[in-house]
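Observations on the three-dimensional arrangement
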Amino acid sequence: MRQQLVVIGNGMAGVRCVEEILKLAPDTFEITIFGTEKHPNYNRILLSKMLQGEHTFEHIILHDWSWYEQQQIQLYTTETVTHVDPDTRILTTASGLQHTYDILIFATGSIPFIPPIQGADKKGVISFRTVEDCEQMKRYAQHYQQAAVIGGGLLGLEAARGLLHLGMDTHVIHNAPYLMNRQLDLLSAQLLQQELEQQGMTFHLNENTTRITGATRAQGLRFASGAKLAVDLVVFAVGIRPHIRLAEYAGLHVQRGIVVNDYMQTSIEGIYAVGECAEHQGITYGLVAPLYEQGKVLAQHLCQQNPLPYQGSIPYSQLKISGVSVFSVGDTNASDCQQIVQQYDGVRKTYKKVSAVGDRITGAILYGDTTEGISLLEMIKQGTSAHSYLQQLQAVDTSSAKPINNPTDIAAAKLEHTSTVCACNAVTKATILQSIQTHGLQTADEVQQHTQASGSCGGCRPIVEALVRYSLSGTIEEDQDHTLDTPLHASLVTHPDHIPVCSSISLTHTALKQQIQQHSWRTVTEVLTQLSSTDTPIAYSPLDIQDADSFHVDDLSISDQSEHDGCDTCITAIRYYLQLYLDSSLAIDHANLLPHLQILSDREWLAGYPDHLHTVDGSNVIEQIQQWQSTVQHLILPYPTRIAVAQNIYSPISVRVQDIGILYSPAGWEIYIGGCATDRIQEAHLLTTVDHLPDALYLIYLCLELYRYQAYYSEPIWKWVQRTEVLPLREQVLSLFYNNAIADAYDRDRKGGKTYDADAMSFLQRTM
């Protein structure tokens, strides 16, 4: 029987969490969603674009009514949950409806903050939060002329631009000396103010509103300075507050928001919170990217996927007003910030400021030209040093033989393929280019449909459009900027581990690998000797170290094994890492003692069938597999690995419970990874589908290389996939298609054998 999962809130955070759950475990929960508004889930971030006339409401709907029906989700609209009883696990709505739950998710979002100003309850005083608010502004614009927006932050300026579009004379009242004072500095704010004044806005800075005048409706404002302003409509846009009253009455621990841990669990078992209503490590977020990250972690936790804990997010802002480009990330005004870059172009009206704390980039402001915003956000997330960033600025760009004049196109071309383009939906450059090439996409709208990139806040839309131009221009094939001179393992994403190699050495696998790389030790004896001379605890006698290079568990008697308990694990792991990183001759001598690859195919099963059944896609499958096997059979691996190849679903070989599986289907060659039928029954994940077998084999080669360098010794593929997660793994594999860092090594491995012709490698050529 499926568990009852109830979500309070039909907004972006809650529904995204449900989406992730449906991807991971579609048959686990009976899902019910309660929403206060009458609409299906829509993109609240784009309300300003709707108000400015760039979108209709239909354009900002994320999930229409049919989606809920197709996913068998019970949706209650215009139903406000008024009571939750954690003891009986029953909730009650304002209409008297009651519903039981096994798991409850609070996704109640936030409510507009209305300051305690006299007259704030009059007609003609509204907030800017919902579709109904937009409709009310439109109605007022048909009858009145003067509008005032209280609040000169992001939301206030976007609302003001919408009122201008509706034909109203618009005033912006702000209680600080300059606009967006939490995100910008004085110079960038002045540039922004000048541009918006040219568009028609009037600003009243350093003004505190004390009263809204009028008999029955708003007719004017009065300020603490004594000044007055005649207005017909007042829009409050001074911030939001987490909607926590229901949670507080239910007995949950609340502060500013509903307090949650790293897995979005509240103080009461079975109840979770995501989105603007949640408070994590003392911080509440009002941006879409953190909300989606929280939803993903919660979904993985509920589906028992052992997610990495949520560690917080880097805040960033991007103004959504036509003709104005503003990007801000981090804190550039903190007292301990050092300004490392400040550039102002008075002709082009562009401004750039990058700040650092210590030697790490921590914040940036871009005005006029925001194309570098995505890459700066990535640098801040990764903790890039200020010195490294300054070196990049000084480097001469010789990345392409074809000149690119558009700054956005230049920024798109220079982005690393693993860089996140759409922070809201965690879509990388590699994913976008892969979709363009695979599906023949021609526009940014098509990219959005396939990848969700630019589908939330829309801030990355210019970069997505530039990537479409970049891909269709043919410069990818000639782009040498992404060729790495360093070994493959130096470019891979690593995950920290906390478990020692064995009881004899306190070093973790990650630390042991780093030590071997750093010191370039050549033999097992040298490694053990050097480790024993440091503070690293190690349980070896001098005799053990002397004989380590020839040591193997088969050479020990029973008494020896008990005396040297764990030593074989350490020595074999060291031998593996030596072979992996240093190409040690010692390790090569003992390569036969390390795990290798086993390939299972339908060769015997097809033996009694006509020859044409050996052929798929115009070529002999068995011949291609044999050729490929000669390429990879020498690879040493962290753990014995089985690859299964099946030409159809009726094969006696089950590809979905193997380490790696290749299955031919009407859609193409499906690649599965992370299955297991020995330690536990674990179904493999679908990595991707390609048209031709050589492409599938090359992708698997990339997977094996990632596995070799990322996994710990003796870690099976299924555990590695579970630890690294399949989506980041998919992005890494696809990004390597655009990077020939290991292509030369792959070619060297095939030297002497029959090489693939141009047609056979068509997919690779399309994506290089």
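Residues numbered from 1 in each chain as written. Predicted model: local features only at pLDDT ≥ 70, side-chain atom pairs only at ≥ 80, totals over all residues. Heavy atoms only, no water.

Another point: the overall build of the protein. On a plain count of helices and strands, the protein comes out with 28 helices and 36 strands. Going through the 768 residues of the protein one by one, you find that 54% of them count as buried. Taking as baseline every contact in the protein between residues at least 6 positions apart, the subset at least 24 positions apart corresponds to 64%. (Helix = DSSP H or I, 4+ residues; strand = E, 2+ residues; numbered from the N terminus. Buried < 20%, exposed > 50% of the residue type's maximum accessible area, 1.4 Å probe, protein only. Contact = heavy atoms within 4.5 Å.)

Now for the sheet that holds strand β23 (residues 338-345). One open sheet holds the 5 strands; their spatial order is β21-β22-β25-β24-β23, and the pairing between them is antiparallel. Looking along the sheet, the strands with just one partner apiece sit at the ends: β21 (316-318) and β23. Neighbouring strand axes in the sheet, compared pairwise and without regard to direction, differ in orientation by 10° on average. In this sheet, strand β25 (residues 360-367) lies alongside strand β22 (residues 326-330) in antiparallel orientation, the contact comprising 5 bridges. Directly across from phenylalanine 327, in β25, lies its bridge partner leucine 366. (Pairing = 2+ DSSP bridges. Axes fitted to C-alpha atoms, helices over the stretch in contact; angles between N-to-C directions.)

The next point concerns the side chain of threonine 170. You can see threonine 170 is positioned in strand β11 (residues 169-174). Classification of threonine 170 by relative accessible area gives buried; the value is 1%. Within the structure, the side chain of threonine 170 is placed 3.2 Å from the backbone oxygen of methionine 168, a separation counted as a polar contact. If near-sequence neighbours (up to four positions away) are discounted, threonine 170 is found in contact with Ala147, Val149, Ala160, Leu163, Leu164, Gly200, Met201 and Thr202. (Polar contact = N/O pair within 3.5 Å; in protein donor to acceptor, adjacent residues only side chain to side chain.)

It is worth spelling out the nonpolar core at this point. If you look at soluble globular proteins, the nonpolar side chains tend to sit buried side by side. Membership of the largest hydrophobic core comes to 51 residues, with the highest contact counts inside it found for Ile33, Val84, Leu104, Ile105, Phe106, Ile258 and Leu302. For this core, the element with the most residues is helix α1 (residues 12-24), which contributes 6 residues. In terms of nonpolar packing, the next biggest core, distinct from the first, is built from 44 residues, Ala141, Leu196, Val324 and Val326 among them. (Core = buried A, V, L, I, M, F, W, Y, C linked by side-chain atoms within 4.5 Å.)

Our next topic: the pairing of strand β1 (residues 3-8). Burial analysis of β1 places 5 of its 6 residues in the buried class, which makes it a mostly covered element. Across 6 bridges, the pairing between β1 and strand β2 (residues 29-34) is parallel. Residue pairing for β2: valine 6 is matched across the bridge by threonine 32. Taking the sense of rotation as the criterion, the β-α-β connection linking β1, α1 and β2 turns out right-handed. Where β1 and strand β7 (residues 103-106) come together, 4 bridges link them in parallel fashion. Counterpart to valine 7 in the pairing with β7 is isoleucine 105. (Right-handed = clockwise from strand over helix to strand, strands pointing away.)

Let us look at the confidence of the model for the protein. When pLDDT is averaged along the protein, the result is 79; 77% of the residues meet or exceed 70. Confidence drops under pLDDT 50 across residues 396-404; counting only partners more than four residues distant or on other chains, this segment forms 15 contacts. For residues 584-592, every residue scores under 50 in pLDDT, and the model assigns this stretch 17 contacts once sequence neighbours within four places are set aside. (pLDDT = per-residue confidence, 0-100.)

According to the stated counting rule, one finds 9 aromatic pairs in the structure shown. Ring geometry for tyrosine 664 against tryptophan 669: centres 4.9 Å apart, planes inclined by 55°, an arrangement best described as tilted. On the basis of relative accessible area, tyrosine 664 is assigned to the partly exposed category, the value being 29%. Its relative accessible area of 0% is what places tryptophan 669 among the buried residues. The residue whose ring lies beneath arginine 16 is tyrosine 292, and the NZ or CZ to ring-centre distance is 3.8 Å. Against the face of tyrosine 712 rests arginine 723, its NZ or CZ located 3.9 Å from the ring centre. (Phe/Tyr/Trp six-rings, centres within 6.5 Å; stacked < 30°, edge-to-face > 60°. Lys NZ or Arg CZ within 6 Å of the ring centre and 35° of its normal.)

Attention shifts here to the pattern of salt bridges. Side chains bearing opposite charge may pair, as long as their charged atoms lie close to each other. Scanning all chains against the criterion turns up 15 salt bridges. Lysine 23 is the salt-bridge partner of glutamate 20, the closest N and O atoms lying 3.9 Å from each other. Note that glutamate 20 and lysine 23 are positioned in helix α1 at a spacing of 3 residues, about one turn of the helix. For lysine 23, a relative accessible area of 57% gives the class exposed. Two residues, aspartate 232 and arginine 217, come together in a salt bridge whose shortest N-O distance is 3.8 Å. Of this pair, aspartate 232 sits in the loop between β15 (228-230) and β16 (233-236) while arginine 217 sits in the loop between β13 (209-213) and β14 (220-223), placing them 15 residues apart in sequence. The exposure class of arginine 217 is partly exposed, given its relative accessible area of 21%. (Salt bridge = Lys/Arg side-chain N within 4 Å of Asp/Glu carboxyl O.)

What follows is about empty space enclosed by the protein. Under the definition given, this model contains 2 cavities of 30 Å³ or more. If you trace the largest cavity, you find it lined by Tyr316, Gln318, Phe327, Ile374, Val421, Cys422, Ala423, Cys424, Cys457, Gly459 and Cys460. Mapped onto the lining of the largest cavity, the elements with two or more residues apiece are β21 and β26 (420-422). The residue makeup of the lining of the largest cavity, split by class, is 9 nonpolar, 2 polar and no charged. Taken as a whole, the second largest cavity holds about 40 Å³ of empty space. Lining the second largest cavity, in full, are Pro112, Ser127, Phe128, Arg129, Leu155, Phe236, Ala237, Val238, Gly239 and Ile240. Considered class by class, the residues forming the lining of the second largest cavity number 7 nonpolar, 2 polar and 1 charged. (1 Å grid on protein atoms, 1.4 Å probe; cavity = no way out; pocket = protein on both sides within 12 Å on 5 of 7 lines; lining within 4 Å. Points joined across faces, edges and corners; volume = space filled by probe spheres on them. Nonpolar A, V, L, I, M, F, W, Y, C, P; charged D, E, K, R; others polar.)

Here we come to unusual backbone geometry. Located in the positive-phi region is glutamine 72, a residue other than glycine, with phi close to 55°. Considering the arrangement of structural elements, one finds glutamine 72 in the loop between α4 (65-70) and β3 (74-76). A positive phi is found at lysine 349, a non-glycine position, where the angle reads about 60°. Relative to the helices and strands, lysine 349 is located in the loop between β23 and β24 (350-357).

A separate point is the packing of helix α13 (residues 429-439) against helix α15 (residues 461-472). Following both chains from N to C, one finds α13 and α15 inclined at 50°, their axes separated by 10 Å at the closest point. In this view, α13 runs oblique relative to α15, as classed from their interaxial angle. Pair α13 / α15 crosses with right-handed handedness. On the side of α13, the interface is formed by Lys429, Ile432, Leu433, Ile436 and Gln437, while α15 contributes Val464, Leu467, Val468, Tyr470, Ser471 and Leu472. (Parallel < 35°, antiparallel > 145°, perpendicular 65-115°, else oblique. Left-handed = near helix turned anticlockwise from the far one by under 90°.)

Right, let's talk about the sheet that holds strand β19 (residues 271-273) for a bit. Hydrogen bonds between backbone groups are what pair the strands of a sheet, and the pairing can be parallel or antiparallel. Strand order across the open sheet formed by 5 strands is β3-β2-β1-β7-β19, with parallel pairing between neighbours. If you trace the sheet from one side to the other, it starts and ends with β3 and β19, each paired once. If you compare each strand with its neighbour and ignore which way they point, the axes differ by 20° on average. Of the strands in this sheet, β1, β2 and β7 are in contact with α1, which crosses β2 at around 165°.

Our next topic: the pairing of strand β10 (residues 146-150). In regular strands, side chains alternate between the two faces of the sheet. β10 sits mainly inside the fold: 4 of its 5 residues count as buried. Examined bridge by bridge, β10 and β11 share 5 bridges and lie parallel to one another. Opposite isoleucine 150, over in β11, you have isoleucine 173 as the bridge partner. Each parallel crossover has a hand, and the one from β10 via helix α6 (residues 154-165) to β11 is right-handed. Judged from the 4 bridges that link them, β10 and β16 form a sheet pairing that is parallel. Within β16, the position partnered with isoleucine 150 by the bridge is phenylalanine 236.

Direction vectors running N to C along α1 and helix α9 (residues 288-302) enclose 40°, while the axes themselves pass 8 Å from each other. With respect to α9, the axis of α1 lies oblique. Here α1 runs over α9; the crossing is right-handed. Contacts between α1 and α9 pair Met12, Ala13, Arg16, Cys17, Glu20, Ile21 and Leu24 from the former with Val288, Leu291, Tyr292, Gly295, Lys296, Leu298, Ala299, Gln300 and Leu302 from the latter. Residue classes in the contact of α1 with α9 are distributed as 11 nonpolar, 2 polar and 3 charged.

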